[in-house]
Amino acid sequence: MAERTTFRLRVRFGKLGRLRHLSHLEVMRALERSIRRADLPYAVTQGFSPHMKAAFGPALPVGTAGLREYYDLWLRELVPAPEALARLAAATPPGMAPGAARYVPEKAPSLSAALTIARYEVGVGPAVGPEMLVRAVEDVLAESELTVKAKGKTKVFDLASVLPEEPRVESSGSGSTVVLTTRMGATGSLRPEALVGRALECAGLPHAITTVTRTDLLMETEGGFMRP
Amino acid sequence: MRDDMWARVEPLLDGVERPARYLDSEWGVRVRPDASYRVALVYPDTYELGMANQAVAILYDILNEVDGVAAERCFVPWKDMAAAMRAADVPLHTLETLQPLRDCALVGVTLPHELTYTNVLEMLDLAGIPLRSVDRGEDDPLVIAGGPCAFNPEPIASFLDAVLVGEGEEAVLELVEADRAVIEAGGTRADRLRALSGVPGVYVPTLYVSADGSAQPGCGAVVPADAATPRMVTKRALKDLGSVRPPTCPVVPYMDVVHDRAVVEVLRGCTRGCRFCQAGMVYRPVRERGADDIVHDVMATLRCTGHDEVSLVSLSTTDHSQIEEVLRRLSRSLEGRAVSVSLPSLRVDSFGVEMARLVAGGGKKAGLTFAPEAGTQRLRDVINKNITEEDLLGTIEHAFGAGWRRVKLYFMLGLPSETDDDIRGIGRLVHKVLDVARENTPKDQRGGLKIGVSVATFVPKPHTPFQWEPQLTLPEVRRRQEILREAMPRRGVDLSWHDPDVSFLEGALARGGRELSDVIEKAWRSGCVFDAWTEEFSLPRWLAAFESAGIDPVALASSERDPADALPWDHISSGVSKRYLLRERERAVAGVTTRDCSFDGCTGCDACGDLGLDIVLGGASRG
């Protein structure tokens, strides 16, 4: 069967408020349903069990919010991007509202392969003062490696490689925020709360992490980091 | 208020399994903060089970259309969340506006089966509502139950202020209207209950007493305490399903719930007349929805929810007189959209297989499920399961010839009059099914061929012709299971059992009277909750509860009742007369079958006459 022409629409969305408690699977299913409600002419995969042709960026864990997340959706017909965006916005719960939509070349690399850089903000409650937090983070960064144990597995991260930018601490009205950029690798990604949690633990401070938000997802190019 | 409450709830979510159960904010939620009369609709189990319940979805839709009324969902938090809520002193609340249940005007609980009873107590306790109706005060909500267990509400009656028997679409509006009028007029809780008992189909347990205080458990009539209370509470049923608008924009869960798909009801009732089947007796008569309505609602529901699957539900969907037309129209409309249609149950004949084929199209052929229920013709005649061995084998031939490779068969153990030979008959039948399946499967595909065989223990239920029959004792179930295991083919069969311990408890609770309230409360106090969850169920804890209440569960489940004696559910009428049930019982003993009255003439169950209804086929009354 000849491949029909399809159009690859890249949609940016959020995972905000209460919806940060959803799993990646739950987010994917909810967005697929919003696409059907928007009545966009989505393409369907060939094969024994046909389904909507869509691809999502890197997963966000349960509890982590996202400001600029992405999915690609293949359409059978070209719907002007602003119209597609408006239809999606009308059919999506506010916490996952689409923020932008544009067509990308069919041959563009997949989101999951292209998006290797993630920026995060980790909120820390007022139980830990900003100065103490700065010192705690510095102490952890002084080591070259970070060992993380999760679900019975131990992972060792080379900090120079997973942290392409120096983390920084900002103080806000009700506590402080650790702003950090991580590089996601084939062997796994460093969870930002693991790094901050370790910093607090080593410094003997309370585990006062309040929120974790992925603020940006970026592609790494020779010239630096770029949004998809 | 709402934000304050969320600020108390959200910190609990980081430490619990599946927080999506507690979030609200789904597509399709109805938030009506300004309503003056708030109803909590409770499903007494977790979110993922409750969101699959159609009764909750229907009542949610109907009540939220009423001016000044808000209906909000509430499910029982899983054990981890319940512990966190108790530790943080967070009362059980609705999802939509986080209203504590104890501040609602009405708490409506659906009771799908007996194993949810302890969850009802858990719900009340988490909400801070006194467990027993008699202990509730003016500021407590009215707790009203409905659903299948309303047909024998006695075991749980002490915890309920009222029970709505039968279909709720019209009755719930009358009930809310009656209650609002009393509240408006400044009436007391007693006035509210009195007003509810005046609504047809509503039973108010505190207005009734046991006629004979010395009656043994599971026997004895329940009668009105005064002359102003109706002697008999007759179930509510819609004359015509076309008169109500089913929900086409239900709430769309985030979480992977049970039956995660759109649901459209195609008909209500079933008159095949299987003598063990409570649903087939209490939801009479058959009322079909018209093909146009069904097709319209399927398309509207898919558009509004974005689901990729729709299930056409009822007690026997492939019996709908226009099902073929409906499925053909749907497969045309849904072409190329990767949206599938599913049928929950199939008739045991070629027509059933053809309908399954229409639904599957060229795509995936999921397994087919058939329910012969018994292994010999003699026993199938006793239970009035009007299918023959030829029907079943012909169906299997057709299904495997059409490309299906997986079939599941349902049987019951311990049906009235069952002999060891009937049990071996299940083995013989499965052997034949396996042979036919092999013959109709290409040689290279025969290796992986499997027949699923699922065996449940028969539980006699109220309002059926078998309501007087004894249930097998546990040792006898085990003996008969051994016989069945011996008789089964050694290869090509996946044999599974419904846990006999669970069926035993179900049987003891199903036919008990009000004396079981103490047992249920003791069981809950000793830690029984989520009894329908295999890993949570504990028969020893339940047995201890029975013992400390001085009630013998074996006598309750496994002794034969005398048809001359009153039963604890005699004051609840499903419309089907006791006379008919007794006649069907005699015919069962004689091995005589009874035809389906929807197609072959009236069999005299009295439901139509008692309820002022008629059979409705294809959306039009047969008249």
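Residues numbered from 1 in each chain as written. Chains lettered and ligands numbered in written order. Predicted model: local features only at pLDDT ≥ 70, side-chain atom pairs only at ≥ 80, totals over all residues. Heavy atoms only, no water.

So, the sheet that holds strand β10 (residues 262-265) of chain B
All names here are of chain B. Note the cut-off: In this description, strands pair whenever DSSP reports at least two bridges between them. What counts as a helix is a DSSP run of H or I of at least four residues, what counts as a strand is a run of E of at least two, and both are numbered from the N terminus. In this description, a line fitted to the C-alpha atoms serves as the axis of each element, helices being fitted only across the stretch in contact, and the angle between N-to-C directions of two axes falls anywhere from 0 to 180 degrees. Any two residues whose heavy atoms approach within 4.5 Å are treated as being in contact.
Judged by pairing direction, the sheet is parallel, and its three strands sit side by side in the order β10-β13-β14 without closing on themselves. The open sheet has two edge strands, β10 and β14 (340-342), and neither has a second partner. Taken pair by pair, the neighbouring strands of this sheet meet at an average axis angle of 25 degrees, ignoring direction. As paired elements, strand β13 (residues 309-313) and β14 share three bridges and run parallel to each other. Bridging from a neighbouring strand, Glu309 pairs with Ser340 of β14. This element, helix α10 (residues 323-333), spans β13 and β14 of the sheet and lies at about 170 degrees to β13.

Section: the pairing of strand β10 (residues 209-221) of chain A
All names here are of chain A. Two elements, strand β3 (residues 65-75) and β10, share two bridges in a ladder whose sense is parallel. Bridge pairing in β10 places Gly66 opposite Arg214. With nine bridges connecting them, strand β5 (residues 115-124) and β10 associate as antiparallel partners. When the sheet's bridge partners are listed, Ile117 is paired in β10 with Leu218.

A few points about the pairing of strand β7 (residues 153-158) of chain A
Residues and elements named next belong to chain A. As defined by bridge partners, strand β6 (residues 145-150) adjoins β7 across six bridges and the pair is classed as antiparallel. Residue pairing for β7: Ala150 is matched across the bridge by Lys153. Taken together, β6 and the strand that follows it, β7, pair antiparallel across an intervening segment of two residues, in which Lys151 is found at a positive phi of about 50 degrees.

Some points on the nonpolar core
The condition that has to hold: The criterion is simple. A nonpolar core is a set of buried Ala, Val, Leu, Ile, Met, Phe, Trp, Tyr and Cys residues joined through side-chain atoms within 4.5 Å. Residue burial is assigned from relative accessible area. The probe radius is 1.4 Å, only protein chains are included, and a residue is buried under 20% of its type maximum, exposed over 50%, and partly exposed in between.
If you look at the biggest cluster of nonpolar residues, it comprises 193 residues, and the most contacted ones within it are Leu101, Met123, Leu312, Trp542 and Phe546 of chain B. When residues of this core are assigned to their parent elements, the largest contribution, eight residues, is made by helix α14 (residues 420-439) of chain B. Judged by nonpolar contacts, the second largest core, of 33 residues, contains Ala118, Val140, Val148 and Val162 of chain A.

Quick notes on the side chain of Gln278 of chain B
Residue and element names in this part refer to chain B. Within the fold, Gln278 resides in helix α8 (residues 278-282). Overall, the relative accessible area of 16% leaves Gln278 in the buried class. Not counting chain neighbours up to four residues away, the residues in contact with Gln278 comprise Pro148, Phe151, Lys461, Pro462 and Thr464.

Points about the packing of helix α4 (residues 130-142) of chain A against helix α6 (residues 192-202) of chain A
Residues and elements named next belong to chain A. So the rule is basically this: Just so you know how the angles are binned, under 35 degrees is roughly parallel, over 145 roughly antiparallel, 65 to 115 roughly perpendicular, and the rest oblique. Residues are grouped as follows: Ala, Val, Leu, Ile, Met, Phe, Trp, Tyr, Cys and Pro are nonpolar; Asp, Glu, Lys and Arg are charged; every other residue, Gly included, is polar.
It is the contact of α4 with α6, at a shortest axis distance of 8 Å, that shows an interaxial angle of 105 degrees. Put simply, α4 runs roughly perpendicular to α6. For the pair α4 and α6, the contacting residues are Leu133, Ala136, Val137 and Val140 in the first and Leu195, Arg198, Ala199 and Leu200 in the second. Here the residues of the contact of α4 with α6 are counted per class, giving seven nonpolar, no polar and one charged.

Observations regarding the domain arrangement of chain A
All names here are of chain A. Note the cut-off: Reported domain spans reflect what an automatic or database domain assignment gives. Any Lys or Arg side-chain nitrogen located within 4 Å of an Asp or Glu carboxyl oxygen qualifies as a salt bridge. As used in this structure description, the phrase polar contact means that two N or O atoms lie within 3.5 Å; if the pair is within protein, one of them must be able to donate a hydrogen and the other to accept it, and residues adjacent in sequence are counted only when both atoms belong to side chains.
Domain assignment breaks chain A into domain 1 (7-108) and domain 2 (114-226). Each partner contributes residues to the interface: domain 1 has 12 residues there, and domain 2 has 11 residues. Counting across the domain 1 and domain 2 interface gives two salt bridges. At the boundary of domain 1 with domain 2, the tally comes to six residue pairs in polar contact (both at pLDDT 80 or more).

What to know about the sheet that holds strand β16 (residues 406-413) of chain B
All names here are of chain B. Read across the sheet, four strands follow the order β15-β16-β17-β18 without closing on themselves; strand pairing throughout is parallel. Each edge of the open sheet carries a strand with a single partner, namely β15 (368-373) and β18 (493-497). Averaged over all adjacent pairs, the angle separating strand axes in this sheet is 20 degrees, with direction ignored.

Details of the state of the cysteines
Residues and elements named next belong to chain B. What counts, and what does not: We call a pair of cysteine sulfur atoms a disulfide when they lie within 2.5 Å.
One pass over the structure, following the stated rule, counts one disulfide over all chains. Across a sulfur-sulfur distance of 1.9 Å, Cys249 and Cys304 are joined as a disulfide pair. Its torsion about the S-S bond being 105 degrees, the disulfide of Cys249 and Cys304 is classed as right-handed. In this pair, Cys249 is assigned in the loop between β9 (233-234) and β10 and Cys304 in helix α9 (residues 291-305), connecting sequence segments 55 residues apart. Note on Cys249: relative accessible area 36%, which makes it partly exposed. Looking at the unpaired Cys149, the closest cysteine sulfur is the one in Cys277, lying at 14 Å.

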